[in-house]
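Chains, contacts and geometry: an overview
So the chains spell out like this:
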Amino acid sequence: GLPFWFSLAMHGTEAYREAIERTLEVAHAGADLIRERDGFSLVTEPELSVVVFRKEGWTSADYTAWSDAALDTGFAFCLPSSHAGETVMRWCVVNPKTTTEDLASILDSMVAFTGCPPHPHPFWLRYRALTFTVPQPEAARPRSGCDIAR
């Protein structure tokens, strides 16, 4: 809508082209990281900036618990998905500031995941110090069973 057109007028089509090319490059580099790592495999080849992969030995509950913990700590927003009836992980690189190192750190965290992350992401700690949240009833918050101390 209108915000897109204002942004396009402000930054120009060249900036949009560069941003899209960057997300495609990072997504494909992320697919290469998955190919190189033991315990991970691509489910499909990347399409645009979407990469679908599996972590060997993980169940649907493992993907959900990791995803919930990553989101709760502000580390990453990666959601499990489904392919041919199997629960898998899906990246969609949409921010041109995302780096290959960011994707590598996500894979590292999945390897190290034991049910709860060891500590919140440093950026999230700084951000949370400057904001407040309105508590939600526990029933309204999806949970993986991982109760992170706040």
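Here, the structure is the one placed above.
A few points on the structure. (Residues numbered from 1 in each chain as written. Predicted model: local features only at pLDDT ≥ 70, side-chain atom pairs only at ≥ 80, totals over all residues. Heavy atoms only, no water.)

Overview of the sheet that holds strand β4 (residues 86-92)
Within the open sheet, the four strands sit side by side as β1-β2-β4-β3. Their pairing is antiparallel. Looking at the sheet topology across the chains shown, the edges are occupied by β1 (40-42) and β3 (79-83). Across the sheet, the axes of successive neighbouring strands diverge by a mean angle of 45 degrees, strand direction being ignored. In the packing of helix α2 (residues 13-36) onto the sheet, contacts are made with β1, β2 (50-55) and β4, and the angle to β1 comes to roughly 130 degrees. (Pairing = 2+ DSSP bridges. Helix = DSSP H or I, 4+ residues; strand = E, 2+ residues; numbered from the N terminus. Axes fitted to C-alpha atoms, helices over the stretch in contact; angles between N-to-C directions. Contact = heavy atoms within 4.5 Å.)

Some thoughts on the side chain of Lys 55
Examined against the element boundaries, Lys 55 turns out to sit in strand β2. Here Lys 55 occupies a buried position and makes no salt bridge, while the nearest side chain of opposite charge, Asp 62, is found at 8.4 Å. In contact with Lys 55, other than residues within four places in its own chain, are Gly 39, Phe 40, Tyr 63, Met 110 and Val 111. (Buried < 20%, exposed > 50% of the residue type's maximum accessible area, 1.4 Å probe, protein only. Lys, Arg positive; Asp, Glu negative; His and termini not counted. Salt bridge = Lys/Arg side-chain N within 4 Å of Asp/Glu carboxyl O.)

Regarding the packing of aromatic side chains
What the rule picks out here adds up to six aromatic pairs. Consider the rings of Phe 4 and Trp 5, whose centres lie 5.1 Å apart with planes at 70 degrees: the pair is edge-to-face. Taking the centre distance of 4.8 Å and the plane angle of 55 degrees together, the rings of Phe 53 and Trp 91 count as tilted. Placement of Phe 53 in strand β2 and of Trp 91 in strand β4 is noted, with a sequence separation of 38 residues between them. The two residues Phe 53 and Trp 91 agree in class, both being buried. Sitting over the ring of Phe 40, Lys 55 keeps its end group 5.3 Å from the ring centre. (Phe/Tyr/Trp six-rings, centres within 6.5 Å; stacked < 30°, edge-to-face > 60°. Lys NZ or Arg CZ within 6 Å of the ring centre and 35° of its normal.)

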